[in-house]
Amino acid sequence: METKMNIDWANLGFGYLKTDYRFVSNYKDGRWDDGELTTDATITLNESAGVLQYAQTCFEGLKAYRTADGHVVCFRPDLNAKRMADSCRRLEMPVYPEEKFVEAIEKVVKANLDYVPPYGTGATLYLRPYMFGSNNVIGVKPAEEYQFRIFATPVGPYFKGGAKPITVRISDFDRAAPHGTGHIKAGLNYAMSLHAIVDAHKQGFNENIYLDPATRTKIEETGGANIIFVTKDNKVITPKSNTILPSITRRSLMYVAEHYLGLQAEEREVRLDEVKDFKECALCGTAAVLSPVGKIVDHGKEILLPSGMNEMGEITRKLYDTLTGIQMGRIEAPDGWIKVIS
Ligand code: PLP
Ligand code: COI
């Protein structure tokens, strides 16, 4: 099915475009209401709302795709529901029930079907579930009332140029603390990364690679994506750490590497000093999909990945084609990965 919206799908960047409907549910007196779709994109809050004073908020990100045979699908929304529940527990927020999360995703996509980009344009409908403390607090404590919302916005590639390799630097800042909140999708983690990303862009880098905050010797992740490396003997490696976000894309890619491509895939600690020995590197996430890295700069020392600055590496390309093939219905998905919406 083609969409009737007059949008230049192929040239969309990763930005916000208002769509028709969003889902809203309120938590009060210890329970969630039924929730509803609304056309109102604005939120009115008390000046002392928990989210405004103490950043009590977390979010998720997932996408809806138009498939080769004309369906609209979502990729593993149950895992976003589960991860959001983990984020809520860590932030002393009430969990939004996981099945109701998936139902709400379905409602938002169905209500905004015309905004799901046509198959083949490279664009997708990005879904942003989020929750925040909405009543007034002034002593440092959790809010008692919360709002859970999901909006949708059509997006193109997160990094301009899409499949073109990017340059990243090793950051001097940390995005998470040992035993902190690096493993959940708290808004505060992203606030922590804003100064570092603005500075990285000023210096001509696309992103920051953060090191483990305890020893600063191991690779963690970037501000908005996990990382994969490919060794010279074609093993796919991803950093193991309890201070990074457990990326759903990364978990899916590791499965694809092993079960679709017959490669060895390993989650293990990755030392900064072994990065120079890898053949390929890429950032992975819902927004980033699989963005190839051509160069890593460690305080003036340039590490050029052998795959170069023009093309995705060979294994990265295979992983990318297989994952996006599964998401867009060209390749059969493992059981439970694809939720058909329409
Ligand atoms: N790491 C960070 C810090 C992120 O913001 C994201 C994006 O969600 C990811 C990793 C990738 O996670 P996922 O693949 O579940 O989107
Ligand atoms: C996502 O990939 O969904 C994220 O939340 C990352 C962010 C950079 C947009």
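Attention shifts here to the domain arrangement of the protein chain. A common way to report how large an interface is uses the accessible area buried once the components associate. Partitioning the protein chain into domains gives domain 1 (9-155) and domain 2 (166-327). Computed over C-alpha atoms, the centres of domain 1 and domain 2 are 25 Å apart. Listed per partner, the contact involves 21 residues of domain 1 and 22 residues of domain 2. Approximately 1,700 Å² of surface area, both sides summed, lies buried where domain 1 meets domain 2, with 65% of it carried by carbon and sulfur atoms. Among the residues domain 1 hides against domain 2, the three largest losses belong to Phe 59, Phe 75 and Arg 83. Together they make up 36% of the total. Put simply, domain 1 and domain 2 have 0 salt bridges between them. Taken together, the links from domain 1 to domain 2 amount to 9 residue pairs in polar contact (both at pLDDT 80 or more). No other element matches helix 2 (residues 77-90), which puts 6 residues into the side of domain 1 that touches domain 2. The class makeup of the residues in the side of domain 1 that touches domain 2 is 10 nonpolar, 5 polar and 6 charged.

So, about a nonpolar patch on the surface. Judged by side-chain polarity, Ile 43, Leu 45 and Leu 52 come together as a nonpolar surface patch covering roughly 230 Å² of accessible area. Take Leu 45: it is sitting in the loop between strand 3 (36-38) and helix 1 (50-54). For Leu 45, a relative accessible area of 30% puts it in the partly exposed group.

It is worth spelling out the site of ligand 1 at this point. Taken together, the neighbourhood of ligand 1 is formed by 17 residues, with Tyr 190, Glu 221, Ser 247, Thr 249 and Thr 286 sitting nearest. Tyr 190 places a side-chain nitrogen or oxygen 2.5 Å from an oxygen atom of ligand 1. Taking 390 Å² as the accessible area of ligand 1 by itself, protein coverage stands at 97%. Those elements giving two or more residues to the shell around ligand 1 turn out to be strand 11 (219-222), helix 5 (248-259) and strand 15 (280-285). Its residues assigned to classes, the shell around ligand 1 comprises 5 nonpolar, 8 polar and 4 charged.

Counting residues in hydrophobic clusters, the biggest one holds 39 residues, and the most contacted among them are Phe 101, Ile 105, Val 109, Leu 127, Met 131 and Phe 148. For this core, the secondary-structure elements that each account for two or more residues are strand 1 (22-28), strand 5 (62-66), strand 6 (72-75), helix 2, helix 3 (98-111), strand 7 (124-133) and strand 8 (146-155). No other element matches helix 3, which puts 6 residues into this core. Ignoring anything within four residues of it in the chain, the contact list for Ile 105 reads Leu 62, Cys 74, Leu 127, Pro 129 and Ile 150. Counting residues in hydrophobic clusters, the runner-up holds 22 residues, among them Phe 159, Ala 225, Leu 272 and Phe 278.

In the neighbourhood of ligand 2, the contacting residues comprise Phe 14, Phe 59, Gly 61, Tyr 126, Arg 128, Tyr 158, Lys 185, Gly 224, Thr 286 and Ala 287. Tyr 126 has a polar side-chain atom sitting 2.6 Å from an oxygen atom of ligand 2. A distance of 2.7 Å separates an oxygen atom of ligand 2 from a polar side-chain atom of Lys 185. Expressed as a share of its isolated accessible area of 280 Å², the protein-covered part of ligand 2 is 90%. Residue composition of the shell around ligand 2, by class: 5 nonpolar, 3 polar and 2 charged. Inspection of the shell around ligand 2 shows a minimum of three residues originating in each of domain 1 (9-155) and domain 2 (166-327).

What counts, and where the lines are drawn
- Residues numbered from 1 in each chain as written.
- Chains lettered and ligands numbered in written order.
- Predicted model: local features only at pLDDT ≥ 70, side-chain atom pairs only at ≥ 80, totals over all residues.
- Heavy atoms only, no water.
- Domains from an automatic or database assignment.
- Contact = heavy atoms within 4.5 Å.
- Buried area = accessible area lost by both parts, 1.4 Å probe.
- Salt bridge = Lys/Arg side-chain N within 4 Å of Asp/Glu carboxyl O.
- Polar contact = N/O pair within 3.5 Å; in protein donor to acceptor, adjacent residues only side chain to side chain.
- Helix = DSSP H or I, 4+ residues; strand = E, 2+ residues; numbered from the N terminus.
- Nonpolar A, V, L, I, M, F, W, Y, C, P; charged D, E, K, R; others polar.
- Patch = residues over 30% accessible without salt bridge, like charges linked within 9 Å, V, L, I, M, F, W, Y side chains within 5 Å.
- Areas by Shrake-Rupley, 256 points an atom, 1.4 Å probe, with all protein chains shown as cover.
- Buried < 20%, exposed > 50% of the residue type's maximum accessible area, 1.4 Å probe, protein only.
- Near = heavy atom within 4 Å.
- Core = buried A, V, L, I, M, F, W, Y, C linked by side-chain atoms within 4.5 Å.

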